[in-house]
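Chain and residue survey
Listed here are the chains, written in short residue letters.
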Amino acid sequence: NAGVTQTPKFQVLKTGQSMTLQCAQDMNHEYMSWYRQDPGMGLRLIHYSVGAGITDQGEVPNGYNVSRSTTEDFPLRLLSAAPSQTSVYFCASSHPGGSETQYFGPGTRLLVL
Amino acid sequence: EDQVTQSPEALRLQEGESSSLNCSYTVSGLRGLFWYRQDPGKGPEFLFTLYSAGEEKEKERLKATLTKKESFLHITAPKPEDSATYLCAVHKNTGFQKLVFGTGTRLLVSP
């Protein structure tokens, strides 16, 4: 199993540009989520999904969009990038129920100029 | 408000010098406390889940314990390869696993 994969590894954007961060998992996990990690702050939940077709907002959803058309994929869209979105983004997946372990991808480092 | 505080922010140890990392939390309806290891430029790697006060789990040189207000990650006779950032997170009693993370402890083990 590849686990959770993310592309690209690194991206530079200009303010106002749009892009999609890709996330895929091959563990047949129903739950998937996106976090951002900033210096001096813990990982913060952006959006999550409990299954195909079902998404909801996390702690810091503004400026981001998600959809989930398949169990395997959960892309994160930045519609109009802002410098405040410069961060490292992690995708995670898990089985539902109880306190199942969330498995994280390798991350995408995003720089918005 | 739910909060997770980790201390110290950074810790420098000599190889073989045992120590403990602390994670204190205030959250209503704790369902689980997680420890992750994160290497530079990588994603968090799962270490342990603790569910109730008094529970302990071990893995190689690491041992995690849980009380009603805090968790400790004990590192016994660390090696340089244990150098990493250790993250603590709590899972609230909600339908989805909304993890609340601490800011981590950066551990450096010198040979």
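Provided above is the structure to which this section pertains.
Notes on the structure follow.

Rules behind the numbers
Residues numbered from 1 in each chain as written. Chains lettered and ligands numbered in written order. Predicted model: local features only at pLDDT ≥ 70, side-chain atom pairs only at ≥ 80, totals over all residues. Heavy atoms only, no water. Pairing = 2+ DSSP bridges. Helix = DSSP H or I, 4+ residues; strand = E, 2+ residues; numbered from the N terminus. Axes fitted to C-alpha atoms, helices over the stretch in contact; angles between N-to-C directions. Buried < 20%, exposed > 50% of the residue type's maximum accessible area, 1.4 Å probe, protein only.

All names here are of chain A. Here four strands make up an open sheet; going across it, the order is E1-E3-E8-E7 and the pairing antiparallel. The open sheet has two edge strands, strand E1 (4-7) and strand E7 (64-66), and neither has a second partner. Ignoring strand direction, the axes of neighbouring strands in this sheet form an average angle of 20 degrees. Pairing analysis gives three bridges linking strand E3 (residues 19-25) to strand E8 (residues 76-78), with the strands arranged antiparallel.

So, on to the pairing of strand E9 (residues 84-91) of chain B. Residue and element names in this part refer to chain B. Counting buried positions over the eight residues of E9 gives eight, a clear majority of the element. Burial of the side chains of E9 extends over both faces: Ala84, Tyr86, Cys88 and Val90 are buried on one face and Thr85, Leu87, Ala89 and His91 on the other. Where strand E4 (residues 32-38) meets E9, seven bridges bridge the pair, whose relative direction is antiparallel. Each residue of the ladder has a partner; that of Trp35, found in E9, is Cys88. Note that E9 and strand E11 (residues 105-110) share three bridges and pair antiparallel. Bridge pairing in E11 places Thr85 opposite Arg106. Sheet analysis places E9 next to strand E10 (residues 99-101), joined by three bridges and oriented antiparallel. Within the sheet, the bridge partner assigned to Val90 lies in E10 and is Val100.

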